Amino acid sequence: MNNKKNNSIRLIIVSAILTALLLLLSAGNLLIGSVHIPTDEIISMLSGYQASSPVMEIILFESRIPTIITAVLCGAALAVCGLLLQTAFNNPLADPSILGVSTGASLGVAVIMLLGGGYLGGAFDSVLSGYISTLAGAFAGAMTVLALLLLFSTFIKSATMLLIIGIMVSYLASSLISLLNFFATEEGVHSFVIWGMGNFSGVTSEQLPVFSIIISIGLILALLLVKPLNALLLGTRYAENLGVNIKSTRNTLLLVTGILTAVTTAFCGPISFLGLIVPHIARLLLNTSNHNTLLPITMLTGAVMALFCTLISILPVSIGIIPINAITPIIGVPIILYIIINRRKLQYFN
Amino acid sequence: MAILSTRQLTAGYRKGSIITPILTDLNLNLKQGALVALVGANGIGKSTLLRTIVGNHPPLSGEISISGNNINEISRQKLALSLSIVTTDRTQAGGLTVKELVSLGRQPYTGFLGILGKQDRKIIEESLTATGIAHKAHNFVAELSDGERQKAMIAKALAQQTPLIILDEPTAFLDVESRMETMLLLHNLAHKQNKAILFSSHDLSQSLLLADELWIVTHDRQLISGNTEDLALSGALNRIFASNHIRFDQKQGDFCINVPCQYKVNLICKDKILKRWIRNALRRNDIATDSTRQSKITIDASSPQSGIILYLQQKTITVKTIAELISFIRRISPELF
C-alpha cells in the first residue's frame, strides 16, 4: 500500500518541482542576455506597457520570448522522441540521434543549405523560402532514415541490431554531409557549421506560430500513444494479444518521431543527448515505466532541461552565446554513466 | 462446445518457395474447464504450434477457430477477448508495479486512452487475489522472483477475462516449489473458473499429475491427444523420444533410463521403498536386479534394522548404509558376478 501512496505523492512533488523550475528558468532566460534590461522594465513590457526604448521591446519580443518558447517545445519534443524510440525499440539507448534520424534530417538540411545556398542562394530571396525548404529537407531526410529503419525492422527482429543499423545509416549520412561540405561554398559551410552547433534562438517570431503548431500536434499525437506504448512494454507478442495493432502503432510512432525530429533539427540544429537522457531522468524521478505519467513528465523534464541549457549558453554574456551542443554532452554523459553503472539497481531495466 | 479447434491444420515455416511443415494435419479440440499439457521433446515444434494457434504465426494450411470464429476472420480486438497468452518473452515491465502489469490485461476493454473503470478495477483485484499475488500488488515487477513474475503474468491473462488461456513453457525457469504452485494455480483456474487452458511443457511428471488431457508430440512429429491416464497406459508416452535408452515407466509415472546393465545380483527385500532406492543405486553402478537371472551375488535387505547382508562366495558381509554397500560392491572384480 505504501508504494502506491508514495508514487502518487511522488508524482505531485515531481510535477510541482518541474513546473517551478520551468517558471524560474524562463524568468532567468527573460532577464539574462547580452543587453541588460532591468527587471521592472521587463515586467512592465510584459504587462503591456510601452518600453522606454524600442530596442528593448524588440529584444524581448523578437528574441528572448521566442527563444524560451522554442526551447520549451524543442526540449519536450526531443525528450518524447527519445522515450517513444526507447520503448518501441526496446532499447534504453535509443534516441533520434543514435538511430540516425537527426543525421538524416541534417543531411536533408545540408542538401538545401549547401547545394541550394551554393547555387541558388542569390537567385531568390531566401528569408521565407529558406526555412520552408530547410524544413522540407529535414523532414525528407528524417523520414528516409525512418523508412529505412522500418524496412530493416521487417526482417531484423533484434532491437540491438536495428540500433546498430541506425548508427550505420547515421555514418553514411554523415559521410554525405562531409562530401556536401567539401563541395560547398565557404559561406555555405560556415552557416551549416553554425547551424550544426545547435541553438534555440533560430526561430523568428514570424516562424514561431508554424513551428509551435507542428510541434504541438506532434506532442498531442505522442500523448495519444500512451495506451499502446504501455502494452509494448511487454513486447510485441503480448501487445498484439492485448488488441494492439502493432503495425499502425509503429507507423504512427515513427511518423511522430520523424515530424518532431525534423522540425526541431531544421530550426535548432541537431541537438544531441536531450532525447537520450531526459526519458531516463524522468524514469528516475518518477520511479515508473508507466507511460500514463512518464510521458507527460518526460515532456516537462525535456522543457526544463532545454531551458537550463539555454540559460547556461547565454550566461557568459560578454563572449556571446555558447552552442547548445557544447553543453548537452556535459550534462548528458554523467547521467548516462550513472545509469549504466547502476543499471542492476534500476528496476526499469529488469 | 470446443473453445479452440483446428481442422486439417499444418503448422510450419515458409521461406520463399521452401515450405517446412513441422506438424501436419492436426484436428484438435479444447474444451472449457480443461487443463491441457502440450508435451514433447525440445525443438520438436511445441512453440511453433502454440504460436500458430494464437495467430502470431500463419498456418501453412488448415483452419483454427476460437470460440467458433476462424481466427483469420476475426479482428485482433475480438481475438483479445477470446484468448490471452503467457509467453517466455523478455519484457521491459520491470518498472511497472504488479497491479499496473495486471491492469494491462484490461486494455481490450478500455477506451482510446486506457482509463480504467470501476468494473475494471474490481476485475484486476480479483485476478490478483485468484493468483495469490495480491500481497505484491504494489511491488515493482523487477522485485519479483521468477515464480511471482509468472503468477503476475497469469493474473494479467485472467484480467483479460478470456475463456481460453495459452501458456508457453510457464514453468521453464521456476524452482520445484514455484513450478508446483503454478501448476496447481492453472489446474484450479481450469476447474473452478471453467477456463480452457493449454500449456506447453517438457516437464512430464508434473503434467501427468495435474493435466486433464495431454497433447503429445512424438519424436516423429505425430500429435496424439487424449485423456492423461489413457495415454499413460497406452504407451504413447514412449514415443516422445526417439532414443531407446529412455523409457516411460508406467508405474513410476516418469521417464527412466533403459540401458541394459552389464552385471546382475539377486535382491531380497520386502520393503518396497527400500528396494526401490537400493535398485536405484545398483542400476547407477551398472548392476541389474532382475530376479529371473540368477547371480552369484545376493543382497538381503529383508531386515534392514540389522543391516544389509551381502552374500558372496560363502562370505557374508553386513553393511549399514547403501553408501557402504555400493563402495563394497564396486571393489568386487567383474568375474565374480
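Residues numbered from 1 in each chain as written. Chains lettered and ligands numbered in written order. Predicted model: local features only at pLDDT ≥ 70, side-chain atom pairs only at ≥ 80, totals over all residues. Heavy atoms only, no water.

Participant: Any chance you could explain the overall build of chain A here in plain terms?
Facilitator: Counting its secondary structure elements, chain A contains 14 helices and 0 strands. In chain A, the succession of α and β elements from N to C terminus is α-α-α-α-α-α-α-α-α-α-α-α-α-α. The C-alpha radius of gyration of chain A comes to 21 Å, within 12% of the 20 Å expected for a compact globule of 350 residues. In terms of its C-alpha atoms, chain A occupies a principal-axis envelope of roughly 60 × 50 × 35 Å. Here chain A, with 350 residues, has 51% of them falling under the buried criterion. Taking the contacts inside chain A whose residues are at least 6 apart along the sequence as the reference set, 78% of them involve residues at least 24 apart. With an accessible surface of roughly 15,500 Å², chain A has 72% of that area assigned to carbon and sulfur atoms. With 13 positive and 10 negative side-chain charges, chain A shows a separation of 35 Å between the mean positions of the two kinds. (Helix = DSSP H or I, 4+ residues; strand = E, 2+ residues; numbered from the N terminus. Rg over C-alpha atoms; globule rule 2.2 N^0.38 Å. Buried < 20%, exposed > 50% of the residue type's maximum accessible area, 1.4 Å probe, protein only. Contact = heavy atoms within 4.5 Å. Areas by Shrake-Rupley, 256 points an atom, 1.4 Å probe, with all protein chains shown as cover. Lys, Arg positive; Asp, Glu negative; His and termini not counted. Charge placed at Lys NZ, Arg CZ, Asp CG, Glu CD.)

Participant: Would you mind showing me how to read the sheet that holds strand E15 (residues 266-268) of chain B here?
Facilitator: In a beta sheet, neighbouring strands are held together by backbone hydrogen bonds and run either parallel or antiparallel to one another. Residue and element names in this part refer to chain B. Pairing is mixed in the open sheet, where 4 strands are placed in the order E15-E17-E18-E19. Taken across any chain shown, the strands that pair with only one partner, and hence form the sheet edges, are E15 and strand E19 (315-319). Here the strands of the sheet are splayed against their neighbours by 20° on average, with no regard to which way each runs. Taken together, the 5 bridges between strand E18 (residues 308-312) and E19 define a ladder with antiparallel strand orientation. Residue pairing for E19: isoleucine 308 is matched across the bridge by valine 319. (Pairing = 2+ DSSP bridges. Axes fitted to C-alpha atoms, helices over the stretch in contact; angles between N-to-C directions.)

Participant: I keep staring at the domain arrangement of chain B and nothing clicks. Help me out?
Facilitator: Segmentation of chain B into domains returns domain 1 (2-250) and domain 2 (263-336). Relative placement of domain 1 of chain B and domain 2 of chain B: their C-alpha centres are 46 Å apart. (Domains from an automatic or database assignment.)

Participant: How should the sheet that holds strand E10 (residues 213-217) of chain B be read in this particular structure?
Facilitator: Residues and elements named next belong to chain B. In space, the 6 strands of this open sheet follow the order E7-E8-E9-E4-E10-E11, with mixed pairing throughout. Of all strands in the sheet, those with a lone pairing partner are strand E7 (83-86) and strand E11 (223-227), marking the two edges. Here the strands of the sheet are splayed against their neighbours by 15° on average, with no regard to which way each runs. Both strand E4 (residues 35-39) and E10 contribute to a ladder of 4 bridges, which runs parallel. The residue of E10 that forms the bridge with leucine 38 is tryptophan 215. Helix H5 (residues 146-159) contacts E7 and strand E8 (164-167) of the sheet and is inclined by roughly 170° relative to E7.

Participant: Looking at this model, I keep getting lost on a nonpolar patch on the surface. Mind explaining?
Facilitator: Side chains of A:Ile9, A:Ile13, A:Ile17, A:Leu21 and A:Leu24 sit close together on the surface and give an oily, nonpolar patch of about 460 Å² of accessible area. Checked against the element boundaries, A:Ile17 lands in helix H1 (residues 2-31). (Patch = residues over 30% accessible without salt bridge, like charges linked within 9 Å, V, L, I, M, F, W, Y side chains within 5 Å. Salt bridge = Lys/Arg side-chain N within 4 Å of Asp/Glu carboxyl O.)

Participant: How should I be thinking about the packing of helix H13 (residues 291-314) of chain A against helix H14 (residues 324-341) of chain A in this particular structure?
Facilitator: Between two packed helices, both the angle of their axes relative to each other and the distance between the axes serve to describe the pair. Residue and element names in this part refer to chain A. One way to put it is that H13 packs onto H14 with a least axis distance of 9 Å and a crossing angle of 120°. Comparing the axis directions of H13 and H14 gives the class oblique. Regarding H13 and H14, the two cross each other, and that crossing is right-handed. Of H14, the residues touching H13 (which contributes Met305, Phe308, Cys309, Thr310, Ile312 and Ser313) are Ile324, Ile327, Thr328 and Ile331. When the residues that make up the contact of H13 with H14 are grouped by side-chain class, the tally is 7 nonpolar, 3 polar and no charged. (Parallel < 35°, antiparallel > 145°, perpendicular 65-115°, else oblique. Left-handed = near helix turned anticlockwise from the far one by under 90°. Nonpolar A, V, L, I, M, F, W, Y, C, P; charged D, E, K, R; others polar.)

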